[in-house]
Structure formats: structure tokens, C-alpha cells
Amino acid sequence: QVQLVESGGGLVQPGGSLRLSCAASGNIFSISAMGWYRQTPGNQREVVALIDSNGRVDYTDSVKGRFTISRGNDKNTVNLQMNNLKPEDTAVYYCNALLARQYGEWPRDYWGQGTQVTVSS
């Protein structure tokens, strides 16, 4: 069993900051990459930020310069620091991990349950 548990969502005013965290636990052999996605009603889930096992990061254009993704020291956690938040950042944010549970297994995607981020005055 693999679990991804997110925390840190909530309500914030425009221009404010939030920090999301996600911890992966259970049968984990290796994690190739972790990331954050978001989804609004009626729309497809979109990638926000990704970080691979070498620390390389990538961001969707709309959050560059405002959001920072990082891995925890134990490499099984991923954080998303969100600054200068805008109303259009409002969404359910999902943690993702591309991981293998045992040696020789092809990595597959695992998802957290989602955490609501609302940016409103």
C-alpha cells in the first residue's frame, strides 16, 4: 500500500502565501519524481510543478516566479511554497508521485486526496 497525504490548503487573500506539503508512505522502493497538479470544476487536471530525483524542477508558466517546489530531506515528501497568490490559483491541489514499490517494478503514478486552495478577498 502507498499513501500520499497532503496538508496546508485553505483560504487566503490575493497576494498572500500558502505552503502545501505531501508525505508519501508505505511500500516504496524508489521515487522517480513528485509534483503538484490542480483542478477546477469542469476542467482537466493540470500540472503546476514537478521535481525529479535529481532535483530538476519545472513549472507551468502561470506560476513561475511565484511558486517553489522542493523535496524534503527524507525524499519522500514534497512541498509547494505559493507566494503572491491570485484568484485564478483557486483550485483543488493534488500531490503526485511517480514511484516503484519494489525492485524491477515499472514506476507508476500515485495521487493524494487533494486539498482545497481558495484565493479570495
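Below or above, wherever it landed, is the structure these notes cover. This is a predicted model, so every value here is computed, not measured.

### A closer look at the overall build of the protein chain
Moving on, step 1. If you tally the helices and strands in the protein chain, you get 0 helices and 11 strands.
Moving on, step 2. Starting at the N terminus and ending at the C terminus, the protein chain contains elements arranged as β-β-β-β-β-β-β-β-β-β-β.
Moving on, step 3. Its C-alpha atoms give the protein chain a radius of gyration of 14 Å, near enough to 14 Å, the size a compact globule of 121 residues would have.
Moving on, step 4. With respect to the three principal axes, the spread of C-alpha positions in the protein chain is 50 × 25 × 20 Å.
Moving on, step 5. In the protein chain, which comprises 121 residues, the share counted as buried stands at 40%.
Moving on, step 6. Summed over all atoms, the accessible surface of the protein chain reaches about 6,700 Å², with 45% contributed by carbon and sulfur.
Moving on, step 7. Side chains of the protein chain carry 11 positive and 10 negative charges; the gap between the two charge centres is 2 Å.

### Points about the state of the cysteines
Moving on, step 1. This model, assessed by the stated rule, comprises 1 disulfide.
Moving on, step 2. The disulfide partner of Cys22 is Cys95, and the gap between their sulfur atoms is 2.1 Å. Residues Cys22 and Cys95 are joined through a disulfide that is left-handed, its torsion about the S-S bond being -80°. Pair noted here: Cys22 is in strand β3 (residues 18-26) and Cys95 is in strand β9 (residues 91-100), with a separation of 73 residues, a long-range link. By the burial criterion, Cys22 is buried, and Cys95 matches it.

### Considerations on the nonpolar core
Moving on, step 1. Within the largest apolar cluster, 29 residues are counted, with the highest numbers of intra-cluster contacts made by Trp36, Leu80, Met82 and Tyr93.
Moving on, step 2. It is β9 that provides the largest number of residues to this core, a total of 5 residues.
Moving on, step 3. When sequence neighbours within four positions are dropped, the list of residues in contact with Met82 reads Gly16, Ser17, Leu18, Leu20, Arg66, Phe67, Tyr93 and Val117.

### Considering the side chain of Arg66
Moving on, step 1. Tracing the chain through its elements places Arg66 in the loop between β6 (57-59) and β7 (67-71).
Moving on, step 2. Apart from residues lying up to four places away in sequence, Arg66 is in contact with Gln81, Met82, Asn83, Asn84, Leu85, Lys86 and Asp89.

### Thoughts on the environment of Pro41
Moving on, step 1. Within the secondary structure, Pro41 sits in the loop between β4 (30-39) and β5 (46-52).
Moving on, step 2. Linking Pro41 and Ala91, residues 50 residues apart in sequence, is a C-alpha distance of 8.2 Å.

### A word on the sheet that holds β3
Moving on, step 1. With antiparallel pairing, 4 strands are arranged side by side in an open sheet as β1-β3-β8-β7. Sheet topology places β1 (2-7) and β7 at the edges, where each strand pairs with a single neighbour. Between one strand axis and the next, the sheet turns by 15° as a mean value, whatever way the strands run.
Moving on, step 2. Summarising the sheet, β3 and strand β8 (residues 77-82) pair through 6 bridges and their orientation is antiparallel. Residue pairing in the sheet places Leu18 in a bridge with Met82 of β8.

Conventions and cut-offs
- Residues numbered from 1 in each chain as written.
- Predicted model: local features only at pLDDT ≥ 70, side-chain atom pairs only at ≥ 80, totals over all residues.
- Heavy atoms only, no water.
- Helix = DSSP H or I, 4+ residues; strand = E, 2+ residues; numbered from the N terminus.
- Rg over C-alpha atoms; globule rule 2.2 N^0.38 Å.
- Buried < 20%, exposed > 50% of the residue type's maximum accessible area, 1.4 Å probe, protein only.
- Areas by Shrake-Rupley, 256 points an atom, 1.4 Å probe, with all protein chains shown as cover.
- Lys, Arg positive; Asp, Glu negative; His and termini not counted.
- Charge placed at Lys NZ, Arg CZ, Asp CG, Glu CD.
- Disulfide = S-S within 2.5 Å.
- Core = buried A, V, L, I, M, F, W, Y, C linked by side-chain atoms within 4.5 Å.
- Contact = heavy atoms within 4.5 Å.
- Pairing = 2+ DSSP bridges.
- Axes fitted to C-alpha atoms, helices over the stretch in contact; angles between N-to-C directions.

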